[in-house]
Amino acid sequence: MSIDDLIARLPKVELHCHLEGSVPAPTFIELAAGHGIELKTTDPEHVYDFFSFLEFLDLYYQVCDALATPADIERGVYDSLVHGKATGNLRYREMFFSPTNHSQVSYGQMVDAMVSGIKAAEADHGVSCRLIADINRRQSPQVAVQLVEAMIAHPSEYVIGLGIDDDEATGPPEMFVDAFTLAGRHGIRRTAHAGELGVAANVRTSLELLGCERIDHGYAMTRDPEVFAFARDSGVHFTGCWFVNNFHEGVFTEGVDPATTGLAQMIRAGLPVSLSTDDPTMIPTDLNAEYASVAATLGLDEAAVVGLARAAIDGSWADDSTKATLRAELDAAAR
Ligand SMILES: [Zn+2]
């Protein structure tokens, strides 16, 4: 069995994927048409084309606008999970969603719609999912606190965590201490996008001030030995996105060797790292491609590939019995 065959067979857990970045192109085009949203093209092969990070964000917010009603959101979640299963043998995902980017529905409506989509995908395709509500750090700290208050007022066993994403330079982690402290007091798990394009110190601040139990990305800390040592010694889990890191660090535009990127260094150093797609329908990647590219670039053997898949289970916030089931399924497929 080749490494690629093994990768395709492994049931995978993904801890870093955004609803709004994982809606299949045909679904996005159809939902956009229903709301009169003007797209650059209605060709599913090219509707998600972008040439800069700003263009990417413009498209991302168009997807948010297309996911306007509870029915849109339910369908978006369902199609996202089915796409993950089809392209990467996805078995379990902890998925980000950004409630404050969807102005036409309340937090409660959005969660209820997402849970309906998750239940249908699980029944039809055996792929399960839990949710992490993401703060948009370009919005105010008050909006972030209101989001956590909504989470507390509308509890759901499906919503297990709080995260924060978007531009680190605009919204450094220390601005959002109140929201994260409130979440922690109510038993909500915490993670943060940090050290993606922002400074390494954001990783440390997210751990120390926000009480984060995971870090999303984290690559910048490989350029700061002190932060790197602090994060390594903390044992915190990192959700790494290979394509995104390669994009940010100039692998495609400047010929940078992918074996030298931040994520490559983190994997080689043996940190607790899992692989995820981030925005798998907007960027040209999927879970199988993430694993295959990492394995080829770093020369990983079968045991190391299975180890990456196991790290995702270890780093997840699933309950113990779910984790035991996922581990048993992984071991069976790896045999
Ligand atoms: Zn992300």
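I will try to describe carefully the structure that is included in this document. (Residues numbered from 1 in each chain as written. Predicted model: local features only at pLDDT ≥ 70, side-chain atom pairs only at ≥ 80, totals over all residues.)

**Observations regarding the overall build of the chain**
- Summing up its helical and strand segments, the chain has 14 helices and eight strands in all.
- Radius of gyration (C-alpha) of the chain: 19 Å, near the 20 Å computed for a compact globule of 335 residues.
- Viewed in the frame of its principal axes, the chain has a C-alpha envelope of about 45 × 45 × 40 Å.
- Scored against the burial criterion, the 335 residues of the chain give a buried share of 48%.
- Long-range contacts, defined here as pairs at least 24 residues apart, represent 74% of the contacts in the chain between residues at least 6 apart. (Helix = DSSP H or I, 4+ residues; strand = E, 2+ residues; numbered from the N terminus. Rg over C-alpha atoms; globule rule 2.2 N^0.38 Å. Buried ≥ 20, exposed ≤ 12 C-beta atoms within 10 Å, placed from the backbone. Contact = placed C-beta atoms within 7 Å.)

**Topic: unusual backbone geometry**
- Of note, Asn89 is a non-glycine position whose phi angle comes to about 50°, a positive value.
- For Asn89, the location among the structural elements is in the loop between helix H4 (70-88) and strand E2 (90-97).
- Residue Asp166 is not a glycine yet carries a positive backbone phi of 80°.
- Checked against the element boundaries, Asp166 lands in the loop between strand E4 (159-165) and helix H7 (177-185).

**What about the nonpolar core?**
- Residues Met95, Phe97, Met114, Ala133, Ala179, Val203 and Tyr291 are the most contacted members of the largest nonpolar core, which totals 87 residues.
- Ignoring anything within four residues of it in the chain, the contact list for Ala179 reads Ile135, Pro141, Ala144, Val145, Leu147 and Val148. (Core = buried A, V, L, I, M, F, W, Y, C linked by C-beta atoms within 7 Å.)

**Some details on the packing of helix H6 (residues 141-153) against H7**
- For the pair H6 and H7, interaxial distance at closest approach is 8 Å and the crossing angle is 15°. In terms of their interaxial angle, H6 and H7 are classed as roughly parallel. As H6 packs across H7, the resulting crossing turns out to be right-handed. Contact with H6, carried on its side by Pro141, Ala144, Val145, Leu147 and Val148, involves Asp178, Ala179, Leu182 and Ala183 of H7 and no other residues of that element.
- For the contact of H6 with H7, the residue count by class is eight nonpolar, no polar and one charged. (Axes fitted to C-alpha atoms, helices over the stretch in contact; angles between N-to-C directions. Parallel < 35°, antiparallel > 145°, perpendicular 65-115°, else oblique. Left-handed = near helix turned anticlockwise from the far one by under 90°. Nonpolar A, V, L, I, M, F, W, Y, C, P; charged D, E, K, R; others polar.)

**A look at helix H2 (residues 25-34)**
- Restricting attention to buried positions, one finds in H2 the residues Thr27, Phe28, Leu31 and Ala32. Each buried residue of H2 lies within a common arc of 125° when the element is viewed along its axis, so the set occupies one face.
- Lining the buried residues of H2 we find helix H3 (53-66) and H4.
- Count one or two residues on from H2 and you reach Gly36, which has phi positive near 65°. (Arc of directions from axis to C-beta.)

**What about the sheet that holds E4?**
- Taken in spatial order, the eight strands line up as E1-E2-E3-E4-E5-E6-E7-E8 in an open sheet, and their pairing is parallel. One side of each edge strand has no neighbouring strand; the edge strands of this open sheet are strand E1 (12-18) and strand E8 (273-275). Taken over all neighbouring pairs, the strand axes of this sheet differ in orientation by 25° on average, direction set aside.
- Sheet topology note: the strand E3 (residues 128-136)/E4 ladder contains six bridges and is parallel. Along E4, the bridge assignment pairs Ala133 with Leu162.
- Contacts between helix H12 (residues 287-298) and the sheet are confined to E1, E2 and E8, with E8 contributing the most and set at about 125° to the helix. (Pairing = 2+ DSSP bridges.)

**Section: the packing of H2 against H3**
- One way to put it is that H2 packs onto H3 with a least axis distance of 9 Å and a crossing angle of 65°. Note on packing geometry: the crossing formed by H2 with H3 is left-handed. Facing Phe28, Leu31 and Ala32 of H2, the residues of H3 in contact are Gln62, Val63 and Ala66.

**Describing the environment of Leu326**
- Turning to its location among the elements, Leu326 is positioned in helix H14 (residues 320-334).
- A residue is classified by how many C-beta atoms lie within 10 Å of it, and Leu326, with 23 of them, is buried.
- Taking the C-alpha atoms as reference points, Leu326 and Val13, 313 residues apart in sequence, are found 8.3 Å from one another.
- Setting aside residues up to four positions removed in sequence, Leu326 forms contacts with Val13, Arg91, Tyr92, Ile313 and Ala318.

**Quick notes on H7**
- Those residues of H7 not exposed but buried are Ala179, Phe180 and Ala183. One side of H7 holds all its buried residues, which, seen down the axis, span an arc of 95°.
- The secondary structure elements touched by the buried residues of H7 are E3, H6, E4 and strand E5 (189-194).
- Looking one or two residues beyond H7, the residue adopting positive phi is Gly187, at roughly 75°.

**Let's talk about the environment of Ala66**
- Of note, Ala66 is situated in helix H3.
- Taking the C-beta count within 10 Å as the criterion, Ala66 has 23 such neighbours and is therefore assigned buried.
- Put simply, Ala66 and Tyr158 are 92 residues apart on the chain and 23 Å apart in space, counted from C-alpha to C-alpha.

**Considerations on the pairing of E3**
- Of all nine residues in E3, nine are buried, a share of seventy percent or more.
- Residues Ser128, Arg130, Ile132, Asp134 and Asn136 point to one face of E3 and Cys129, Leu131, Ala133 and Ile135 to the other, with burial holding for every one of them.
- As judged from the six bridges shared by E2 and E3, these two strands associate in the parallel manner. By the bridge assignment, Glu94 is partnered in E3 with Arg130.
- A crossover links E3 with its parallel partner E4, the connecting element being H6, and its sense is right-handed. (Right-handed = clockwise from strand over helix to strand, strands pointing away.)

Note that all results are geometric; they support no functional claim without further evidence.
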